[in-house]
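Examination of the molecular architecture
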Amino acid sequence: MCTQKPPHDYSQQLYEKYRESFEEYITSMVLPSLREKHDEFMLRELVKRWSNHKVMVRWLSRFFHYLDRYFISRRSLPPLREVGLSCFRDLVYQEIKGKVKSAVISLIDREREGEQIDRALLKNVLDIFVEIGLGSMECYENDFEDFLLKDTADYYSIKAQTWILEDSCPDYMLKAEECLKREKERVAHYLHSSSEQKLLEKVQHELLTQYASQLLEKEHSGCHALLRDDKVEDLSRMYRLFSRITRGLEPVSQIFKQHVTNEGTALVKQAEDAASNKKPEKKDMVGLQEQIFVRKIIELHDKYVAYVTDCFQGHTLFHKALKEAFEVFCNKGVSGSSSAELLATFCDNILKKGGSEKLSDEAIEDTLEKVVRLLAYISDKDLFAEFYRKKLARRLLFDKSANDEHERSILTKLKQQCGGQFTSKMEGMVTDLTVARDHQTKFEEFISSHPELNPGIDLAVTVLTTGFWPSYKSFDINLPSEMVKCVEVFKEFYQTRTKHRKLTWIYSLGTCNISAKFEAKTIELIVTTYQAALLLLFNGADRLSYSEIVTQLNLSDDDVVRLLHSLSCAKYKILNKEPSNKSISPNDVFEYNSKFTDKMRRIKVPLPPVDEKKKVVEDVDKDRRYAIDASIVRIMKSRKVLGHQQLVLECVEQLGRMFKV
């Protein structure tokens, strides 16, 4: 019929006949059967009719395939398959799409209320919406999806209004999470996958976005309460839900920051109160309160770092909130001690022998790690460095350090955190001591090979590099002759080691062991070099007046008063003084107390410590001036010309890592 020359070519008539047979079949059979059914039954009928229709289209377009190949492609007419499907679209789909959409949505709503429905049926019906578009999603979107989204919004909006009033925040979040999960499953079961995002956004909008602040601020169960009662599960859920909505996490992180700040500030206040209620005579307790305070801050940090990583999945907003919160209260001092000093003291306590904490090696490592982490929040890092250095010097020089490994390990940690220049002096100090030990062995060998030089006293000298250590005042005290000899011998030995170094002797840091012959028994006294020099004066005289002592020792009045006080008015009265009161005055006379005795064979005679805090703060202030100068010069060398405001800003920026300018 199609291969003859016109007028015997029937292609056109065939093509039209093909369309007519579809239209006739649809009008006579399909439409009546659909019109008499309703709801679910209509949907079933529709699915059956559509699948029949597809079979018919498939076979008829095969029978007339010849038309497709020649006639249609030459005239560029719609192909047979398309003609077949569009007949159904124009006649059936256009008429009943509204009823179908309503039936489907009412089924979905019934399912939301917990009824069982025929999901396979829905899937098949919705496939018709997709297929009828012949490759475009227009029909599905305009004739079904838009209505579904609106219905979903209305449905959840009503639900949310009652839930927000009746439920606590955790319960509400549980429900919301459950709804989102179910909507996601709904897409997997019968909706087209392209709907997932839009559908979930609608649900989130109605359940979360609309009520975000109400939820977070719920009286007894909002975000504050969850943090207060450590509801880790609920907080994780809150993060999961709120991370889906735009800017949803910001208020959560703000509340988190506020909460941590309050907790920390409460700790500061607690420490303040404990400090002010303290009895002044309990001097050794001073350290303890601060120790406890730093411990608590460390525990607080551990706790909330875990929150940030576990509940809030390490989100940057929460890291930032934590940092800002800690910066607030970590820079508040406690009863006159800055936090930099507290941290340094805390480290000192852990690292020195007989500190108040008995910890295993792992625990010490772990604690040091955490202290260094806290240091990051402190604005005066240089103040910490100075206090730390002072305390490190004491540990090293008086052999108080419990473990070299730990000393080096914390320096490594500090170096990673604050850079090399921060720790270079401290590292130098630790190295100095190792070198000094080596010197000492060499010195002992030197003495044994030159017996004529032996001063008759055991002598240990620690040689330090000036730049690394805190600056110590050195006085030219009149040393007793025995000690002068020691100094000479060591100088001679040191000349053999190096020619180009000048030794400055700092006697204020020395110690001496003296055997004192009292009437009852001989007691070994452990004293400072200064105390020893003073006591040795009494080898030549029984009574000495204050002024004689000052002239013979050649020391400042302050120093002499401290020495005499420690020997005549403190716990061990090795000297008697007239008049016998508790204070030293220029008219006093002292004599050797031969009646002195003690149950110990060795006693250490303490010298009252000098308060170094003021000096440290002054030193740091001085260093800061130089640092600012240097920074200004650095900036100007690179910029050549710069506005005053800019210069100040850059300076603050550059130095911010060490201190607040």
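Residues numbered from 1 in each chain as written. Predicted model: local features only at pLDDT ≥ 70, side-chain atom pairs only at ≥ 80, totals over all residues. Heavy atoms only, no water.

Concerning the overall build of the protein
Note the cut-off: Comment: elements are numbered from the N terminus, with helices defined as DSSP H or I runs of at least four residues and strands as E runs of at least two. To get the radius of gyration, use the C-alpha atoms; to get the globule rule, take the number of residues to the power 0.38 and multiply by 2.2 Å. Throughout, exposure labels follow a simple rule: accessible area from a 1.4 Å probe, protein chains only, divided by the maximum for the residue type, with under 20% read as buried, over 50% as exposed, and the rest as partly exposed. For this analysis, residues touch if any pair of their heavy atoms sits within 4.5 Å. Calculation of accessible area relied on Shrake-Rupley with a 1.4 Å probe; when residues are assessed, cover is drawn exclusively from the protein chains displayed. When charges are tallied, Lys and Arg are placed among the positive residues and Asp and Glu among the negative ones, while His and the ends of the chain are skipped. Charge coordinates come from a single atom per side chain, which is NZ of Lys, CZ of Arg, CG of Asp or CD of Glu.
Each helix and strand in the protein was counted, giving 25 helices and 6 strands. Against the globule reference of 26 Å for 661 residues, the protein gives a C-alpha radius of gyration of 45 Å, more extended than a compact globule. Based on the C-alpha atoms only, the size of the protein along its principal axes is roughly 150 × 60 × 50 Å. Counting the 661 residues in the protein, one finds 43% classified as buried. Residue pairs at least 24 apart in sequence account for 71% of intrachain contacts in the protein once pairs closer than 6 positions are excluded. Element-wise, carbon and sulfur atoms account for 52% of the exposed surface of the protein, whose accessible area totals about 35900 Å². Charge separation in the protein, taken as the distance between the mean sites of 101 positive and 101 negative side-chain charges, equals 2 Å.

Some remarks on the sheet that holds strand 2 (residues 522-528)
As a reminder of what qualifies: Strand pairing is assigned whenever DSSP identifies at least 2 bridges connecting the two strands. Whenever a helix is involved, its axis is fitted only over the stretch in contact; in every case the axis is a line through C-alpha atoms, and angles between N-to-C directions fall within 0 to 180 degrees.
Read across the open sheet, the 3 strands follow the order 1-2-6; overall the sheet is mixed. Of all the strands in the sheet, just strand 1 (511-517) and strand 6 (602-604) have a single pairing partner and so form its edges. Sheet twist, expressed as the mean angle between neighbouring strand axes with direction ignored, is 25°. As paired strands, strand 2 and strand 6 are joined by 3 bridges and run parallel to one another. In the strand pairing of strand 6, Leu 525 is matched with Ile 603. Lying on the sheet, helix 21 (residues 529-537) is in contact with strand 1 and strand 2; it crosses strand 2 at an angle near 130°.

A look at the nonpolar core
Taken as a class, soluble globular proteins show a tendency for nonpolar side chains to be buried jointly. Short version of the rule: What is meant by a nonpolar core is a set of buried Ala, Val, Leu, Ile, Met, Phe, Trp, Tyr and Cys residues, joined one to another through side-chain atoms within 4.5 Å.
With 90 residues, the main nonpolar core has Leu 207, Phe 242, Phe 256, Phe 326, Phe 384 and Tyr 388 as its most contacted residues. If you tally residues by element for this core, the top one is helix 13 (residues 285-311), at 9 residues. Residues Ile 72, Leu 85, Tyr 140 and Phe 144 belong to the second largest nonpolar core, which totals 50 residues.

Some details on the packing of helix 19 (residues 420-449) against helix 20 (residues 481-497)
Going by this rule: Here roughly perpendicular refers to angles of 65 to 115 degrees, roughly parallel to angles under 35, roughly antiparallel to angles over 145, and oblique to all remaining angles. Only Asp, Glu, Lys and Arg are considered charged in this grouping, and only Ala, Val, Leu, Ile, Met, Phe, Trp, Tyr, Cys and Pro are considered nonpolar; every other residue, Gly among them, is considered polar.
Contact geometry of helix 19 with helix 20 gives a least axis separation of 11 Å together with a crossing angle of 110°. Here helix 19 is positioned roughly perpendicular relative to helix 20, judged by the angle of their axes. Of the residues in helix 20, those touching helix 19 at Asp 438, His 439, Lys 442, Phe 443, Phe 446 and Ile 447 are Val 489, Phe 490, Phe 493, Tyr 494, Thr 496 and Arg 497. The class makeup of the residues in the contact of helix 19 with helix 20 is 7 nonpolar, 2 polar and 3 charged.

Some remarks on empty space enclosed by the protein
Where empty space is left becomes clear once a probe the size of a water molecule has been rolled over the atoms. Using the following cut-off: Throughout, the protein atoms alone are placed on a 1 Å grid, and a set of points is a cavity if a 1.4 Å probe fits but cannot get out or a pocket if it is open with protein on both sides within 12 Å along at least five of seven lines; lining residues have an atom within 4 Å of a point. Grid points are joined across faces, edges and corners, and a volume is the space filled by probe spheres set on the points.
With the rule as written, the count across this model stands at 3 cavities of 30 Å³ or more. There is about 90 Å³ of room inside the largest cavity. What lines the largest cavity is simply Phe 293, Val 294, Ile 297, Phe 329, Cys 330, Ser 339, Leu 342, Leu 343, Leu 374 and Ile 378. Elements that contribute at least two residues to the lining of the largest cavity include exactly helix 13, helix 14 (316-330) and helix 15 (339-351). The residue inventory of the lining of the largest cavity, partitioned by class, reads 9 nonpolar, 1 polar and no charged. One number sums up the size of the second largest cavity: a volume of about 50 Å³. Every residue along the wall of the second largest cavity is listed here: Leu 46, Tyr 93, Ile 96, Lys 97, Val 100, Val 125, Ile 128 and Phe 129. Where the lining of the second largest cavity is concerned, the elements lending two or more residues are helix 4 (80-112) and helix 5 (119-131). With 4 residues, the top contributor of residues to the lining of the second largest cavity is helix 4. In terms of residue class, the lining of the second largest cavity is made up of 7 nonpolar, no polar and 1 charged.

Let's talk about the pairing of strand 2
For strand 2, the buried fraction is high: 5 of the 7 residues fall into the buried class. With 7 bridges joining them, strand 1 and strand 2 adopt antiparallel strand pairing. Each bridged residue has a counterpart across the sheet, and for Ser 515 the counterpart in strand 2 is Glu 524. Connecting strand 1 to the next strand, strand 2, in antiparallel fashion are 4 residues.

Overview of the pattern of salt bridges
Condition: Basic side-chain nitrogens of Lys or Arg form a salt bridge, by our definition, when they fall within 4 Å of a carboxyl oxygen of Asp or Glu.
The full count for this structure, using the stated rule, is 52 salt bridges. For Lys 353, the salt bridge identified is with Asp 399, shortest N-O distance 3.6 Å. You can see Lys 353 sitting in the loop between helix 15 and helix 16 (361-375) and its partner Asp 399 sitting in the loop between helix 17 (381-397) and helix 18 (404-418), a full 46 residues away along the chain. Classification of Lys 353 by relative accessible area gives partly exposed; the value is 43%. One network of salt bridges, with partners in common, ties together Asp 109, Glu 111, Arg 112, Arg 119, Asp 151, Glu 183 and Arg 186.

Details of the layout of surface pockets
The space that makes up the second largest pocket amounts to roughly 760 Å³. Every residue lining the second largest pocket is counted, 25 residues in all, and those nearest its centre are Asp 382, Gln 421, Phe 422, Ala 627 and Met 658. Where the lining of the second largest pocket is concerned, the elements lending two or more residues are helix 17, helix 18, helix 19, helix 24 (613-639) and helix 25 (644-655). Class assignment of the residues belonging to the lining of the second largest pocket gives a composition of 12 nonpolar, 4 polar and 9 charged.

A few points about the packing of helix 16 against helix 18
Let me state the cut-off plainly: Here a crossing is taken to be left-handed if its near helix is turned anticlockwise relative to the far helix by less than a right angle, and right-handed if that turn runs clockwise.
Taken N-terminus to C-terminus, the directions of helix 16 and helix 18 make an angle of 25°; their axes are 10 Å apart at the nearest point. Judged on the interaxial angle alone, helix 18 and helix 16 are roughly parallel. Crossing handedness for the pair helix 16 and helix 18: right-handed. In this structure, helix 16 uses Asp 361, Ile 364, Glu 365, Leu 368, Glu 369, Val 372, Arg 373 and Leu 375 to contact helix 18, whose residues at the interface are His 406, Ser 409, Ile 410, Lys 413, Leu 414, Gln 417 and Cys 418.

Things to note about the side chain of Ser 236
Following the sequence through the fold, Ser 236 ends up in helix 11 (residues 232-242). The contact partners of Ser 236, leaving out residues within four places of it in the chain, are Asp 310 and Cys 311.

So, the packing of aromatic side chains
Where two aromatic rings form a pair, the distance of their centres and the angle of their planes describe that pair. Selection criterion: In this scheme Phe, Tyr and Trp rings, the latter by its six-membered ring, pair at centre separations within 6.5 Å, and the angle between planes marks the pair as stacked below 30 degrees, edge-to-face above 60, and tilted otherwise. Distance and angle both matter: a charge sits over a ring if NZ of Lys or CZ of Arg is within 6 Å of the ring centre and within 35 degrees of the ring normal.
This structure, assessed with the given rule, holds 25 aromatic pairs. Each residue in the set Phe 443, Phe 446, Phe 490, Phe 493, Tyr 494, Trp 505 and Tyr 507 is aromatic and connected to the rest through ring pairs, giving one cluster. Over the ring of Trp 59 we find Arg 62, and its NZ or CZ is 5.1 Å from the ring centre. Above the plane of the ring of Tyr 388 lies Arg 395, whose end atom (NZ or CZ) is 5.3 Å from the centre.

With respect to a negative patch on the surface
Rules: Patch membership requires more than 30% relative accessible area and the absence of a salt bridge. Residues of like charge join within 9 Å; the nonpolar side chains Val, Leu, Ile, Met, Phe, Trp and Tyr join within 5 Å.
Together, Glu 16, Glu 20, Glu 23 and Glu 24 line one region of the surface with negative charge. Locating Glu 24 in the fold gives a position in helix 1 (residues 11-35). The exposure class of Glu 24 is exposed, given its relative accessible area of 57%.

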